[in-house]
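# Per-entry structural report
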Amino acid sequence: LTRAGTIADHLRKYESLLTITPQRMRMIVTAFEETLDKGLQRGGEVVVIPTFVFGWPSGKETGDFLAVDLGGTNLRVCLVSLYGEGKFEVTQTKYRLTEEQKQGEGSELFDFCAQCLDSFIRDNLGRGDDDELLPLGFTFSYPCEQLRIDHGTLIRWTKGFGAANVEGNDAAELFKDSLKKFNVRAELTALINDTTGTLIASNYVNPDTRIAVIFGTGCNAAYMETAENIPKIEFMGLPKSQDMAINCEWGAFDSFKHEHLPRTRYDIIIDESSNKPGEQSFEKMIAGLYLGEIFRLILAELIDSGDLFLGQNTYKLEKAYAFDTAFLSLMESDPTDELLTVIGIFNHFFGIETTLEERQFFRQLAVLIGTRSARLSACGIAAIVQKKGYLEKGCAVGADGSLYNKYPHFADRIHEALVDIFGEAGRKIVTHHAEDGSGVGSAIIAAMTKKRK
Ligand code: ADP
């Protein structure tokens, strides 16, 4: 920064923009709980999704299952062997998705998934054409309207996806077409959301788990609800006490109307320049896809005003989404007084020289952005806790995704926020690293589905 004294001023400004007070959090929790309630009603404008996953696993589920996970940055294919008693084994391969696949023709995206699964089966299972088809759980982590477990009409793409001719269609059917086309030796038996898978997998190994949250490219959660509280599925005539997992699709909280979340101009820029303006408001303030961009937009503002990097060539930093959220993690975990990692990031990736004072400022900014993300997430968790009355006994929250797993202090910040919201009782709500939902969870759900048929 150019002028002495201005760093502290800037920091104060960003602090007040990005800090969420306990009082504000409690207001968000109340609005969040109302949104969840509305989402369970018939014809509600908010979409909270009944998943057709009926209740908790027994822990006795066993067998071999395939799982395909299409949910964000990578495509993952797994073979899961369930041994019961919370034990399992996973063999997996990851495939990188290209931007063309994400934005191109939908059928080509599903063809690619089918081909990856086919080569995985050939490499790992050596199955012939006469062998029995292995059951396949398909984790498709985008909001889908489900009528049964092996069906899901895509409501809208999220997380930057935009492949053509998938929205409004049954993603399970599209994938089945591709499986048939390439004669893949697998039978799609369940379409699940990664949050639901995480809920079930975490409960399989830790029965105290009541809620699951994903903090990856996007952000979403799932919990278990009883049929009597889900007016949307009254038509099924289920017993009132029948449990069904609910995919909250909470990334969409406060979309379009923007009444509850303290959005900054950076959040608004991200929203308006996204391929889905107005949508996924909550997610855009929290998830891995966006945190680095919030940071970059603040820097861009300071560059424009002539407060930062005067006389340096900053074009690399001026490119949208050039600053990955992983850089914020790295900056926060830099152990050196000189902040050598921060020097490295700016120098190596952006060709920019930094002063120590600037680096300290950047790290503080990362703290503010990461903390806001954790505190907003805590509001969502608190809303489910309050709605289900989990505060009294406490409960475990299975959490997964790179942001949760790799961002320093992320879990601590959520826990601290829960205490800010609930007082000391908030300590009874504890997040922990979840079991692999889209692999193991999807296999358990496929096994539960088999038993129910
Ligand atoms: P998925 O795409 O299935 O959600 P991840 O859970 O790995 O996969 O999330 C990917 C997101 O996490 C990306 O947006 C990426 O920017 C972010 N990310 C990757 N590494 C880190 C890290 N070390 N710290 C924080 N965020 C990260």
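The name that an unreviewed UniProt entry assigns to the protein chain is Phosphotransferase, with the source organism given as Vanrija humicola. Quoted verbatim from the Sequence similarities (unreviewed entry) field of the UniProt record, the comment on the protein chain reads "Belongs to the hexokinase family."

Here we come to the overall build of the protein chain. On a plain count of helices and strands, the protein chain comes out with 15 helices and 13 strands. C-alpha atoms of the protein chain, sized along the principal axes, occupy 75 × 50 × 40 Å. Across the protein chain, every contact between residues at least 6 apart in sequence was considered, and the portion connecting residues at least 24 apart equals 74%.

Moving on, we come to the nonpolar core. Counting 136 residues, the largest nonpolar core has Leu-117, Phe-295, Ile-381 and Ala-382 as its most contacted members. Among the elements that take part in this core, helix α12 (residues 356–388) stands out by supplying 15 residues, more than any other. Residues within four places of Ile-381 in sequence aside, it is in contact with Ile-211, Val-213, Val-397, Leu-418 and Ile-429.

Attention now goes to the sheet that holds strand β13 (residues 429–433). Judged by pairing direction, the sheet is mixed, and its six strands sit side by side in the order β1-β11-β10-β9-β12-β13 without closing on themselves. A strand with exactly one partner marks an edge of an open sheet, and here the two such strands are β1 (49–50) and β13. Packing against the sheet, α12 makes contact with β9 (209–215), β10 (219–226), β12 (395–400) and β13, and its axis sits at approximately 160° to β9.

What follows deals with the site of the ligand. Taken together, 16 residues form the shell around the ligand, and within it Gly-72, Gly-216, Gly-288, Ser-329 and Lys-406 come nearest. If you list the elements that add at least two residues to the shell around the ligand, you get α9 (288–304), α10 (325–333) and α13 (402–406). Taken together, the residues that form the shell around the ligand break down as four nonpolar, 10 polar and two charged.

So, about the UniProt feature "domain: Hexokinase C-terminal" (unreviewed entry) in the protein chain. As annotated in UniProt, the feature "domain: Hexokinase C-terminal" (unreviewed entry) corresponds to residues 210–448 in the numbering used here. For residues 210–448, the helix share is 48%, the strand share is 13%, and the end-to-end C-alpha distance is 18 Å.

This part covers the pairing of strand β3 (residues 74–84). In summary, the side chains of a regular strand alternate between the two faces of the sheet. Note: strand β2 (residues 62–70) against β3, nine bridges, orientation antiparallel. Each residue of the ladder has a partner; that of Asp-69, found in β3, is Arg-76. The loop that links β2 with its antiparallel partner β3 comprises three residues. Counting the residues that bridge the hairpin from β3 to strand β4 (residues 87–96) gives two residues, and of these Glu-85 lies at a positive phi of roughly 50°.

Contact geometry for helix α4 (residues 106–124) and helix α5 (residues 171–181): axes closest at 8 Å, N-to-C directions at 55°. Regarding the angle of α4 to α5, the classification is oblique. By crossing handedness, the relation of α4 to α5 is classed as right-handed. Every residue of α5 that contacts α4 at Gly-106, Ser-107, Phe-110, Asp-111, Cys-113 and Ala-114 is listed here: Leu-174, Phe-175, Ser-178, Leu-179 and Lys-181. Looking at side-chain class alone, the contact of α4 with α5 contains six nonpolar, three polar and two charged residues.

With mixed pairing, five strands are arranged side by side in an open sheet as β4-β3-β2-β5-β8. Across the chains shown, the open sheet's two edge strands, defined by having one partner strand only, are β4 and β8 (186–192). Going across the sheet, the axis of each strand differs from the next one's by a mean of 25°, ignoring polarity. Lying on the sheet, α5 is in contact with β5 (134–140) and β8; it crosses β8 at an angle near 160°.

The next point concerns helix α6 (residues 194–205). A rise of 1.5 Å per residue sets the reference length of α6, with its 12 residues, at 16 Å; its end C-alpha atoms lie 17 Å apart and thus fit the reference within 8%. Within α6, 11 of the 12 residues are buried, which leaves the element mostly enclosed by the surrounding structure. Of the residues making up α6, those classed as buried are Asp-194, Thr-195, Thr-196, Gly-197, Thr-198, Leu-199, Ile-200, Ala-201, Ser-202, Asn-203 and Tyr-204.

Turning next to the packing of α9 against α10. Helices that pack against each other are described as a pair by the angle of their axes relative to one another and the distance between those axes. It is at 7 Å that the axes of α9 and α10 come closest, and there the two elements cross at 70°. For the element pair α9 / α10, the angle class is roughly perpendicular. Between α9 and α10, the residues in contact are Gly-288, Leu-291, Gly-292 and Phe-295 and Thr-325, Phe-327 and Leu-328, respectively. Considered class by class, the residues forming the contact of α9 with α10 number four nonpolar, three polar and no charged.

A few words on the pairing of β10. Of all eight residues in β10, seven are buried; the element is thus mostly enclosed. Pairing of β9 with β10 involves five bridges; the strand directions are antiparallel. The partner of Phe-215 across the bridge, within β10, is Cys-219. Linkage of β9 to β10, two consecutive antiparallel strands, is achieved through a turn of three residues. Strand direction decides the pairing type here: β10 and strand β11 (residues 243–247), joined by five bridges, are antiparallel. Bridge pairing in β11 links Tyr-223 to Ile-246.

What counts and what doesn't
- Just so you know, the residues in each chain are numbered from 1, in the order the chain's sequence is written.
- With the structure being a predicted model, the display of local features is reserved for residues of pLDDT at least 70 and the display and counting of side-chain atom pairs for 80 or more, all residues being used for whole-chain, interface and lining totals.
- UniProt positions are given in the numbering used here, feature names are shortened, and annotations may be inferred rather than shown by experiment.
- Strands here are runs of E lasting at least two residues and helices are runs of H or I lasting at least four, both read from the DSSP assignment and numbered beginning at the N terminus.
- A pair of residues counts as a contact when their C-beta atoms, built from backbone coordinates, are within 7 Å of each other.
- Definition of nonpolar core: a set of buried Ala, Val, Leu, Ile, Met, Phe, Trp, Tyr and Cys residues joined via C-beta atoms within 7 Å.
- For the exposure call, what matters is how many other C-beta atoms sit within 10 Å of a residue's own: 20 or more marks it buried, 12 or fewer exposed, and in between partly exposed, using C-beta atoms placed from the backbone.
- DSSP-based pairing: two strands are paired if at least 2 bridges between them are found.
- To obtain each axis, a line is fitted to C-alpha atoms, and for helices this fit is confined to the stretch in contact; angles are then taken between N-to-C directions over 0 to 180 degrees.
- Nearness between a residue and a molecule or strand is assessed with a C-beta atom placed from the backbone; a distance within 6 Å qualifies.
- When residue character is reported, Ala, Val, Leu, Ile, Met, Phe, Trp, Tyr, Cys and Pro are called nonpolar, Asp, Glu, Lys and Arg charged, and the others, Gly included, polar.
- Geometric relationships in this document are graded by angle, where less than 35 degrees denotes roughly parallel, more than 145 denotes roughly antiparallel, 65 to 115 denotes roughly perpendicular, and other angles denote oblique.
- Each crossing gets its handedness from the near helix: less than a right angle anticlockwise from the far helix is left-handed, clockwise is right-handed.
- Given the number of residues in a helix, its expected span is that number minus one, multiplied by 1.5 Å.

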